[in-house]
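Residue-level structural notes
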Amino acid sequence: MKEQLQKIKEQTMQQIEKSADLKSLDEIRVAILGKKGELTSLLKGMKDLTPEEKPVFGQMVNDARKAIEEELEAKKSAFEAKMLELRLKEEVIDVTLPAKKVKRGHRHPNTIAQEEVERIFIGMGYEVVEGPEIETDYYNFEALNIPANHPAKDEQDTFYITKDIVLRTQTSPVQARVMEQGKLPIRIISPGRVFRSDEVDATHSPSFHQIEGLVIDKNITMADLKGTLEVFAKELFGEDTRTKFRPHHFPFTEPSAEMDVSCFKCGGKGCRFCKNEGWIEILGCGMVHPHVLSMCGIDPEEYTGFAFGVGLERIALLKYEIDDMRLLYENDERFLAQF
Ligand code: DAH
């Protein structure tokens, strides 16, 4: 029996040595150490041994079992280590590959221009106020000195919701809304969307944006208007920018003017950009009409003020040298990504 045990042990060790995978190791374990395994049946044959031999042989079988178990375990660990190594090799990540870039959005050129104008006026102590895009005829026209049948209404034809409710044609109605509240002095700007029934072309759109400005206080003069807008122009287009005020007419200001800035491309010499004029028109302005003040409950003998209105798209087109307004609305990512 001892020889038999020795033989089983040797053979098993060899089989383990030669085994190629975890499955064959398991087969060996079952065949030798299992319930019906060779070593187990050898133990069953012990009943034929003498009482002295029994514990000795029993010990030998246990030793053999232990040796086989240890060998199986060692081989198993070796297999597992090898498999892990293989997997690591297969699943290796090449960290030198270019990363997938996350596309980050950014602000629209209109928004950039608006925030730039806001920044300049907030710096001068102005407050930003917004008004409704759907406006009453009263605020959009009447309160601004444009009564029914006034020819100025023709120039600003708009979308009528009812006879008395319109899509606002300008941000100027915010002036009346703020003045009516009666909190003086006033120093506000009001950016927002406006509408006109215009055909779409390179410089027109039925929907565009303006920024309104309004200052009301005691002793405000045309000098304050000019000084303020000059600072604004220099901040926006550069320190060397000069300004020029041309007389104009707006029903809600008296006197009224349009402000031109010296062309920031050629410095005023004349170029393609300014159509050889050296000057570029950028806004309308004036001293708030006394009748507008009194309609809003402000005494024109005590208070005066100035107002102005800038086209936001115009600023964006000039600043970024875009020659067609439609590009601002098409939202072509290839175009917008440039800003
Ligand atoms: N609302 C005028 C327009 O759309 C622009 C304007 C001119 C606004 C003069 C003003 C102003 O506040 O004083 O053409």
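Keep in mind that what you see is a predicted model, and the values were worked out from it rather than measured.

Before going further, it helps to spend a moment on the environment of His-291. Mapped onto the elements, His-291 comes out in helix H10 (residues 290-295). Assessed through its relative accessible area of 39%, His-291 is described here as partly exposed. Considered as a pair, His-291 and Phe-252 are 39 residues apart in the sequence and their alpha carbons are 8.2 Å apart.

The subject of this paragraph is the nonpolar core. Counting 43 residues, the largest nonpolar core has Leu-229, Phe-232, Ile-282, Leu-283 and Phe-308 as its most contacted members. Broken down by element, this core gets its largest block of residues, six residues, from helix H9 (residues 222-237). Those residues in contact with Phe-232 that sit more than four places away from it in its chain are Val-117, Ile-120, Phe-121, Ile-282, Leu-283 and Val-310. Ranked by size, the runner-up nonpolar core spans 22 residues in total, among them Ile-146, Ala-176, Val-178 and Met-179.

In this section: the site of the ligand. Taken together, 16 residues sit near the ligand, with Gln-170, Gln-175, Arg-196, Gln-210 and Glu-212 positioned nearest. Here an oxygen atom of the ligand sits 2.9 Å away from a polar atom, N or O, in the side chain of Gln-175. At a separation of 3.3 Å, an oxygen atom of the ligand approaches a polar backbone atom of Phe-308. With the chains in place, 91% of the 360 Å² that the ligand exposes on its own is no longer accessible. Looking at the shell around the ligand, the elements that each hand over two or more residues are strand E5 (207-217), strand E8 (279-288) and strand E9 (304-311). When grouped by side-chain class, the residues that make up the shell around the ligand number five nonpolar, nine polar and two charged.

Definitions and limits used
Residues numbered from 1 in each chain as written. Predicted model: local features only at pLDDT ≥ 70, side-chain atom pairs only at ≥ 80, totals over all residues. Heavy atoms only, no water. Helix = DSSP H or I, 4+ residues; strand = E, 2+ residues; numbered from the N terminus. Buried < 20%, exposed > 50% of the residue type's maximum accessible area, 1.4 Å probe, protein only. Core = buried A, V, L, I, M, F, W, Y, C linked by side-chain atoms within 4.5 Å. Contact = heavy atoms within 4.5 Å. Near = heavy atom within 4 Å. Polar contact = N/O pair within 3.5 Å; in protein donor to acceptor, adjacent residues only side chain to side chain. Areas by Shrake-Rupley, 256 points an atom, 1.4 Å probe, with all protein chains shown as cover. Nonpolar A, V, L, I, M, F, W, Y, C, P; charged D, E, K, R; others polar.

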